[in-house]
2 protein chains.
Amino acid sequence: MLAFMNNESWNKTLETGKAHFFSRSRNKLWMKGESSGNVQEIKEILIDCDEDSVVLKVNQIGDSACHTGYRSCFYRQLDNGKIKIVSKKIFEPGERYGKA
Amino acid sequence: MLAFMNNESWNKTLETGKAHFFSRSRNKLWMKGESSGNVQEIKEILIDCDEDSVVLKVNQIGDSACHTGYRSCFYRQLDNGKIKIVSKKIFEPGERYGKA
């Protein structure tokens, strides 16, 4: 998955050992897994050359990072102009997230 | 590595089979490797759930994606508050890029 961090989410990630991001659509700090339970326990942090992005290697609780239920948010492959699903579906989102 | 794409760079990537990005600092289309020779030949394209980011799996010509000479831009690991280098250095940037 790819997500945005601000200073607060970066600091929370380091303090807690759990991945925190900043939701630009909801304008708030967001601990990954706070509603789904699919928390990400940090195993390793890699920093890029110009210091504006990081890779978090994690232990993915629940075995799924994506709110769609797939293991990866990058669950679709573009193959000669056609899209096919290449990731494993772990859960059905309708059963995991309550309807409002 | 992580980089930004606009429509033009996305289309050029699909047309040519080589990774193109958009440089926001230089405000121009950028073929990865156009100055270093370290072109990225596309092997696979993965699309994320909300369709605003992609993973390109590539054949990395020159064996290095990073302008610093490391194989990966994410060549440093944050380990208990200390930074250590964890990627292989492939070339010396001073020898690869001409001084202006």
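Residues numbered from 1 in each chain as written. Chains lettered and ligands numbered in written order. Predicted model: local features only at pLDDT ≥ 70, side-chain atom pairs only at ≥ 80, totals over all residues. Heavy atoms only, no water.

*Asks:* Can you help me understand the sheet that holds strand β5 (residues 76–79) of chain A in this one?
*Replies:* Strand-to-strand pairing in sheets goes through backbone hydrogen bonds, with the strands running parallel or antiparallel. Within the open sheet, the four strands sit side by side as β6(A)-β5(A)-β3(B)-β4(B). Their pairing is antiparallel. Both outer strands of the open sheet, β6 (82–85) of chain A together with β4 (54–60) of chain B, are each paired with one neighbouring strand and no more. Pairs of neighbouring strands in the sheet enclose a mean axial angle of 35°, with direction left out of account. Where β5(A) meets β6(A), four bridges bridge the pair, whose relative direction is antiparallel. Looking at the pairing, A:Q77 lines up with A:K84 of β6(A). (Pairing = 2+ DSSP bridges. Helix = DSSP H or I, 4+ residues; strand = E, 2+ residues; numbered from the N terminus. Axes fitted to C-alpha atoms, helices over the stretch in contact; angles between N-to-C directions.)

*Asks:* In this structure, what is going on with the interface of chain A and chain B? I would like to understand it.
*Replies:* Accessible area lost upon the coming together of the parts serves often as the stated size of an interface. On the side of chain B, 24 residues touch chain A, which itself brings 24 residues to the contact. Carbon and sulfur atoms make up 67% of the area that chain A and chain B hide from each other, which totals about 2,000 Å². The tally of links between chain A and chain B comes to two salt bridges. Across the pair B:R76 and A:E51 runs a salt bridge, and its minimum N-O distance is 3.0 Å. Across the chain A-chain B interface, the total number found is 14 residue pairs in polar contact (both at pLDDT 80 or more). Put simply, the parts of the chain that give the side of chain A that touches chain B at least two residues each are α1 (7–16), β3 (40–47), β4 (54–60) and β5 of chain A. Residues that form the side of chain A that touches chain B fall into these classes: 16 nonpolar, four polar and four charged. (Contact = heavy atoms within 4.5 Å. Buried area = accessible area lost by both parts, 1.4 Å probe. Salt bridge = Lys/Arg side-chain N within 4 Å of Asp/Glu carboxyl O. Polar contact = N/O pair within 3.5 Å; in protein donor to acceptor, adjacent residues only side chain to side chain. Nonpolar A, V, L, I, M, F, W, Y, C, P; charged D, E, K, R; others polar.)

*Asks:* Please clarify how the side chain of A:S53 should be interpreted in this entry.
*Replies:* By secondary structure assignment, the location of A:S53 is in the loop between β3 and β4. Engagement of the side chain of A:S53 in a polar contact is seen with the side chain of A:D48, the distance being 2.8 Å.

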